[in-house]
Amino acid sequence: MRVCKFGGTSMADAASIKRVINIIRRDEGRKYIVVSAPGKRDKSDVKITDALYACHDAIDDNDFDSAFAPIEERFEQICGDLAPKADIASVLDDVRRGILSERSRDFTASRGEYLSAYVLSSALQVPFVDSAELIKFDSDGALLLDESLALIKSRLKDIPRAVLPGFYGSLPDGRIKTFSRGGSDISGAIVASAVGADVYENWTDVNGFLSADPRVVKSPRPIDWLSYNEMRELSYMGAEVLHPEAIFPVRRAGIPIHIKNTFDPSAPGTVIVSNVRHMGDANVITGIAGKKGFSIINIEKEMMNSEIGFGRKVLSVFEDEGICFEHMPSGIDTLSVVVRDEYLEGKLPALLSSLWRATNADAIDVQSGLSLIATVGHNMTSRQGTAAGIFKALAGRHINVRMIDQGSSELNVIVGVDTFDYEKAIRAIYDHFFCAD
Ligand code: ASP
């Protein structure tokens, strides 16, 4: 039995939802369907979730109706085509009233998935089951995974097929709570784990994971098999195929994730499993991903290496300021902390003065304009020459490496380069590992 999640582009309009319906009908095993809100129909279009966030911002304005209009139009169009008998007008009316009375950003955003699931369940004539009753968060907004799994299991026990909205669940007081953006992937993984699916199929608009960003490298090689860990590394570092947190519920249950393309269903896609060592791909590198927008905070102090507790003092400052860090390379008398620029916004002056106070450093400086590139591959474990290959490739194109970090799992090597070298650096590494004879 399979659990399928269909993403925003698959649900964007009636024509793409017809493809979704064909895919579901083609295989009897596709029992539980989790959906996203309709995404963009073309590059200039607006995702329904974004339109809903705009609606929330317009609750107190006179133009709420014009903010809600594109949502009404889209669902009326889709439903008119796919499920003409469904009373979408009154469902939209309830949603509109709900948004105005709840006045909650999460509630408003969740209505895209709610309406999407309503339309698909009407078109398929399969029961709609509301995720608000099944996916539970604690009062701090942390997912209660075990409780949610138990609720889903018992609720779906006697419902052989169902359509469920992704992206949201509820808090102990019943209010709606959403995951972070792209969170329907997590909802699908939770449902797959709860019902003990054989496979969690995640239907997107791409042919699975690619070995590099196609906007940077021309026609990068698709990845057939990926381990959960490699997928985490690639997603975290910018490969936007699957939400990086979607693997936790399925990994625990040993359920493979199969990434498929709604618009090219016969393409093999990418299968994500726990162990890919014996899958036969001899390439040392599985993929390359990267992100722009990092800064390095360099802290220098004489005799730092012998000062016990120095690292703790630095990290306590980051903790107190509520700032997450990515990497912490160190020298004998220097310690650097790599942070995303967005986490520093508005916080940098306070962070720096706390660091001066806590560490008594000789010098602290901040360098921005850093990009990180992760070269990921299970095959690099205990093989020689991977790091050498990366640095040779970068040096060959005259790219300066500003930071190096290799995780102890030997699953990836991360380098920091100047943002103006970002694309050039990815191409250099790709060409070295994938295009050399
Ligand atoms: N619709 C939500 C978003 O745009 C969730 C999802 O698509 O998974 O982020």
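What you see is a predicted model, and the numbers here were worked out from it, not measured in a lab. Within each chain, residue numbers correspond to sequence positions counted from 1 in written order. Residue-level local features of this predicted model are given only where pLDDT is at least 70; pairs of side-chain atoms are given and counted only at 80 or more, and the full residue set underlies all totals for whole chains, interfaces and linings. For the side-chain quantities, the full set of heavy atoms in the structure was used; hydrogens and water were omitted.

Asks: Tell me about the sheet that holds strand β6 (residues 199-204), residues and numbers included.
Replies: Strands pair, by our definition, only if DSSP identifies at least two bridges between them. A run of DSSP states H or I qualifies as a helix once it reaches four residues; a run of E qualifies as a strand once it reaches two. Both are numbered from the N-terminal end. The strand order across the open sheet built from 7 strands is β3-β2-β1-β6-β8-β9-β7, with neighbouring strands paired in mixed fashion. Each of the sheet's edge strands pairs with one partner strand only, and the pair in question is β3 (162-165) and β7 (225-227). Averaged over all neighbouring strand pairs, the angle between strand axes comes to 20°, with direction disregarded. Across 3 bridges, β7 lies against strand β9 (residues 270-273) in parallel orientation. When the bridges of β9 are listed, Trp-225 appears paired with Val-271. Of the strands in this sheet, β2 (30-35) and β3 touch helix α5 (residues 105-124), which is tilted by about 165° from β3. Note on method: axes are straight lines fitted to C-alpha atoms, helices fitted across the in-contact stretch only, with angles between N-to-C directions ranging 0 to 180 degrees. Contacts are assigned to residue pairs that have any heavy atoms within 4.5 Å of one another.

Asks: I'd love a proper account of helix α2 (residues 48-57), names of residues and values included.
Replies: With 7 of 10 residues buried, α2 lies mostly within the body of the structure. Looking at the buried side of α2, the elements it contacts are α3 (64-82), α4 (88-102) and α5. Each residue's exposure class comes from its accessible area (1.4 Å probe, protein chains only) as a fraction of the maximum for that residue type: buried when under 20%, exposed when over 50%, partly exposed otherwise.

Asks: Mind laying out the pattern of salt bridges, listing which residues take part and the relevant values?
Replies: For this document, the term salt bridge refers to a Lys or Arg side-chain nitrogen within 4 Å of an Asp or Glu carboxyl oxygen. Applying the stated rule across the entire model yields 21 salt bridges. Here Arg-155 and Glu-133 are joined by a salt bridge, their closest N and O atoms 2.5 Å apart. Residue Arg-155 is found in helix α6 (residues 145-156), and its partner Glu-133 is found in the loop between α5 and α6; the two are separated by 22 residues along the sequence. By relative accessible area, which is 32% here, Arg-155 ends up partly exposed. The partner of Arg-175 in a salt bridge is Asp-173, and the shortest N-O contact between them spans 2.9 Å. Given the relative accessible area of 46%, Arg-175 is considered partly exposed. The exposed category is assigned to Asp-173, whose relative accessible area is 51%. What emerges from the salt-bridge pattern is a single network uniting Arg-2, Asp-27, Arg-30 and Glu-201.

Asks: Describe the site of the ligand, listing the residues and the values that go with them.
Replies: A cutoff of 4 Å decides nearness: a residue is near a molecule or strand if any of its heavy atoms lies inside that distance of it. Taken together, Ser-36, Lys-47, Thr-49, Glu-113, Phe-167, Arg-181, Gly-182, Gly-183 and Ser-184 make up the full set of residues near the ligand. Contact between the ligand and Gly-182: an oxygen atom at 2.8 Å from a main-chain N or O atom of the residue. What qualifies as a polar contact is a pair of N or O atoms within 3.5 Å, subject to a donor-acceptor requirement within protein and to the restriction that residues adjacent in sequence count only when both atoms come from side chains. Here an oxygen atom of the ligand and a backbone polar atom of Gly-183 are 3.4 Å apart. Considered on its own, the ligand offers 260 Å² of accessible surface; in the complex 94% of this is hidden by protein. Polar here means any residue other than Ala, Val, Leu, Ile, Met, Phe, Trp, Tyr, Cys and Pro, which are nonpolar, and Asp, Glu, Lys and Arg, which are charged; Gly is therefore polar. The residue makeup of the shell around the ligand, split by class, is 1 nonpolar, 5 polar and 3 charged. All accessible-area figures derive from a Shrake-Rupley calculation using a 1.4 Å probe, and residue coverage is judged against the displayed protein chains alone.

Asks: Quick rundown of helix α13 (residues 386-396)? Include the residues and the values.
Replies: Within α13 the residues assigned to the buried category are Thr-386, Gly-389, Ile-390, Ala-393 and Leu-394. For α13, the arc enclosing every buried residue in end-on projection is 125°, short of the 170-degree limit, so these residues lie on one face. For α13, the exposed residues set more than 90 degrees away from the buried face come down to Ala-388, Lys-392 and Gly-396. Check the buried side of α13 and you find it contacts β12 (363-376), β13 (401-406), β14 (412-418) and α14 (422-435). Our arc is simply the arc of the directions from the helix axis toward the C-beta atoms.

Asks: Can you tell me about the sheet that holds strand β11 (residues 334-340), naming the residues and giving the values?
Replies: Ordered by their spatial adjacency, 5 strands build an open sheet running β11-β10-β12-β14-β13, and the pairing between neighbours is antiparallel. A single partner strand is all that each edge strand has here, and the edge strands are β11 and β13. Each adjacent strand pair in this sheet contributes to an overall mean axis angle of 35°, direction not counted. Examined bridge by bridge, strand β10 (residues 287-300) and β12 share 11 bridges and lie antiparallel to one another. Note that in β12 the partner of Lys-291 across the bridge is Leu-372.

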